[in-house]
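Tertiary structure, described
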Amino acid sequence: MYFMDLFIKKRIKAIQKGDQNAYADLVDLYKDKIYRLCYRMLGNRHEAEDAAQEAFIRAYIHIDTYNPEMKFSTWLYRIATNLTIDKLRKRKPDVYLDEEVGGTDGLTMQAQLPSRETSPEEAVESLELQETVQRAIEQLPEKYRSVIVLKYMEDLSLQEISEILGLPVGTVKTRLHRGREALRRQLGHL
């Protein structure tokens, strides 16, 4: 891990001196993690791609504000998380999947989606469970969703989440607890 931190610090110094190729190295290093975070927060591939790209652009523009005492990944996650939270606050749903399709007898938008079945019944049940959990997470208020995603999907420590969100560790713990409770209520039927 020490060598990775050293590599990242060297790349950041090169970026600050105007080396754009050095930034491409950092994007390559973090692009999948940032995309995954954005996707898990937003639940939409295109929005996640846009948000991840915007997070990298913002990080590049504001690289001079990066504090080398902080892990670069924490700083980048904070930018991406704040961006997705902003997008969630501004979001207005266009179509609800459980909305009935006009001119049909009870057919929903969900039924129009292509099936993802590619293997035996167990794989389908697992996928359905994952989708159910993802939908439940998407229904959480963003303050709970962000800590749940960062903790359980990105596998970050409470301290890292605290730094990313700019919250005390105690607040992170409380939001995790309340987020888990809300998920238990939503998923109690499983």
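Residues numbered from 1 in each chain as written. Predicted model: local features only at pLDDT ≥ 70, side-chain atom pairs only at ≥ 80, totals over all residues. Heavy atoms only, no water.

Under an unreviewed UniProt entry, the name given to the protein is RNA polymerase sigma factor SigW, and the source organism is Geobacillus stearothermophilus. UniProt lists a comment for the protein under the heading Sequence similarities (unreviewed entry), and it reads "Belongs to the sigma-70 factor family. ECF subfamily." (UniProt positions renumbered as here; feature names shortened; annotations may be inferred.)

Each helix and strand counted, the protein has 9 helices and 0 strands in total. Mapped in sequence order, the helices and strands of the protein form the string α-α-α-α-α-α-α-α-α. Counting all 190 residues of the protein, 34% fall into the buried class. (Helix = DSSP H or I, 4+ residues; strand = E, 2+ residues; numbered from the N terminus. Buried < 20%, exposed > 50% of the residue type's maximum accessible area, 1.4 Å probe, protein only.)

Our focus in this paragraph is the nonpolar core. Ranked by internal contacts, the top residues of the largest apolar core, which has 48 residues, are Tyr-30, Ile-34, Phe-72 and Leu-150. Residue-level mapping places this core at the junction of two domains, with at least three residues from each of domain 1 (2–91) and domain 2 (96–187). Aside from chain neighbours lying at most four places away, what touches Phe-72 is Ile-8, Ile-12, Leu-26, Tyr-30, Ile-63 and Tyr-66. (Core = buried A, V, L, I, M, F, W, Y, C linked by side-chain atoms within 4.5 Å. Domains from an automatic or database assignment. Contact = heavy atoms within 4.5 Å.)

Our next topic: unusual backbone geometry. The phi torsion at Asp-155 lies on the positive side, around 60°, for a residue other than glycine. Structurally, Asp-155 can be placed in the loop between helix 7 (142–153) and helix 8 (158–165).

Next up on the list: the packing of helix 2 (residues 20–42) against helix 7. Remark: helix 2 packs on helix 7, axes separated minimally by 10 Å, with the N-to-C direction vectors making an angle of 135°. Compared by their axis directions, helix 2 and helix 7 come out oblique. For the pair helix 2 and helix 7, the crossing hand works out as right-handed. Of helix 7, the residues touching helix 2 (which contributes Leu-37, Arg-40 and Met-41) are Arg-145, Ser-146, Val-149, Leu-150 and Met-153. Of the residues that constitute the contact of helix 2 with helix 7, the class distribution is 5 nonpolar, 1 polar and 2 charged. (Axes fitted to C-alpha atoms, helices over the stretch in contact; angles between N-to-C directions. Parallel < 35°, antiparallel > 145°, perpendicular 65-115°, else oblique. Left-handed = near helix turned anticlockwise from the far one by under 90°. Nonpolar A, V, L, I, M, F, W, Y, C, P; charged D, E, K, R; others polar.)

What follows is about helix 7. For helix 7, the full list of buried residues reads Glu-142, Tyr-144, Arg-145, Ser-146, Val-147, Ile-148, Val-149 and Leu-150. Directly after helix 7, the chain includes Asp-155, whose backbone phi takes a positive value near 60°.

A contiguous nonpolar surface patch, about 390 Å² in accessible area, is contributed by Tyr-2, Phe-3 and Leu-6. Looking at the element boundaries, Tyr-2 is found in helix 1 (residues 2–16). (Patch = residues over 30% accessible without salt bridge, like charges linked within 9 Å, V, L, I, M, F, W, Y side chains within 5 Å. Areas by Shrake-Rupley, 256 points an atom, 1.4 Å probe, with all protein chains shown as cover. Salt bridge = Lys/Arg side-chain N within 4 Å of Asp/Glu carboxyl O.)

This model, assessed by the stated rule, comprises 10 salt bridges. In this structure, Asp-28 engages Lys-31 in a salt bridge whose closest nitrogen and oxygen atoms are separated by 3.7 Å. Placement of the pair is Asp-28 and Lys-31 together in helix 2, with a separation of 3 residues, close to one helical turn. Owing to a relative accessible area of 39%, Lys-31 belongs among the partly exposed residues under this scheme. One salt bridge connects Glu-49 with Arg-45, and the closest N-O pair in it is separated by 3.5 Å. Of the two residues, Glu-49 and Arg-45 are both situated in helix 3 (residues 45–61); the distance of 4 residues between them amounts to about one turn of the helix.

Residues with a pLDDT of 70 or more make up 81% of the protein, whose mean pLDDT is 84. Per-element mean pLDDT across the protein ranges from 54 in helix 5 (residues 109–112) up to 94 in helix 3. (pLDDT = per-residue confidence, 0-100.)

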